[in-house]
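The chain contents come next:
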Amino acid sequence: QVQLIESGGGLVQAGGSLRLSCAASGRLFTDTIVSWFRQAPGKEREFVAGFRWSGASTVYGDSVKGRFTIARDNTKNSAYLQMNSLKPEDTSVYYCAATNFGMLSRIPAAYNYWGQGTQVTVSS
């Protein structure tokens, strides 16, 4: 069983930066996949970035590539999403998700552990 708790959301001006944190309780294995998703009102949940806990197979969504970076700290059992050059269209609730099975997927249904989400609002 894995529990995920996100933090670090807030209000930022366009062009600014935020770092989201995802603290995991329970063991994360080298093959555990940890990803970030986001969901804006009235829209489907969108894949942002993900990797295997080993650090391999890092993948980014097209809309954030070159601006966002996913990272982890094994000593803190935490994953991070560094978000730079933020745009108003990045405004969403951001979720951390994990699964111990399968390949890295952009599909939310592939993940069986989810955090509660953290709101990111980017003003123009």
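The structure under discussion appears in the preceding block.
For the structure given in this document, a descriptive report is provided here. Computed from a predicted model, the values in this text were never measured in an experiment.

The rules behind these values
Residues numbered from 1 in each chain as written. Predicted model: local features only at pLDDT ≥ 70, side-chain atom pairs only at ≥ 80, totals over all residues. Heavy atoms only, no water. Salt bridge = Lys/Arg side-chain N within 4 Å of Asp/Glu carboxyl O. Helix = DSSP H or I, 4+ residues; strand = E, 2+ residues; numbered from the N terminus. Buried < 20%, exposed > 50% of the residue type's maximum accessible area, 1.4 Å probe, protein only. Core = buried A, V, L, I, M, F, W, Y, C linked by side-chain atoms within 4.5 Å. Contact = heavy atoms within 4.5 Å.

Some thoughts on the pattern of salt bridges
Oppositely charged side chains can pair when the atoms bearing their charge come close.
And step 1. Counting across every chain of the model gives four salt bridges.
And step 2. In this structure, Asp 90 engages Arg 67 in a salt bridge whose closest nitrogen and oxygen atoms are separated by 2.7 Å. In this pair, Asp 90 is assigned in the loop between β8 (78-83) and β9 (92-99) and Arg 67 in the loop between β6 (59-60) and β7 (68-73), connecting sequence segments 23 residues apart. Both residues of the pair, Asp 90 and Arg 67, belong to the buried class.

Description of unusual backbone geometry
And step 1. Located in the positive-phi region is Asn 77, a residue other than glycine, with phi close to 50°.
And step 2. Structurally, the position occupied by Asn 77 is in the loop between β7 and β8.
And step 3. Backbone geometry places Ser 85, a non-glycine residue, at a positive phi of 50°.
And step 4. Locating Ser 85 in the fold gives a position in the loop between β8 and β9.
And step 5. Residue classification places Ser 85 among the partly exposed positions, given a relative accessible area of 42%.

Here's the deal with the nonpolar core
And step 1. Within the largest apolar cluster, 28 residues are counted, with the highest numbers of intra-cluster contacts made by Leu 4, Trp 36, Val 48, Phe 68, Leu 81, Met 83 and Tyr 94.
And step 2. Of all elements in the fold, only β3 (18-25), β4 (33-39), β5 (46-52), β7, β8, β9 and β11 (118-123) reach the threshold of two or more residues within this core.
And step 3. Ranked by residues supplied to this core, first place goes to β3 with four residues.
And step 4. If we ignore the near neighbours within four places in the chain, the residues touching Tyr 94 are Glu 6, Leu 20, Trp 36, Phe 37, Arg 38, Val 48, Phe 68, Leu 81, Met 83, Gly 117, Thr 118 and Val 120.
And step 5. In terms of nonpolar packing, the next biggest core, distinct from the first, is built from five residues, Ile 33, Phe 37, Ala 97 and Tyr 111 among them.

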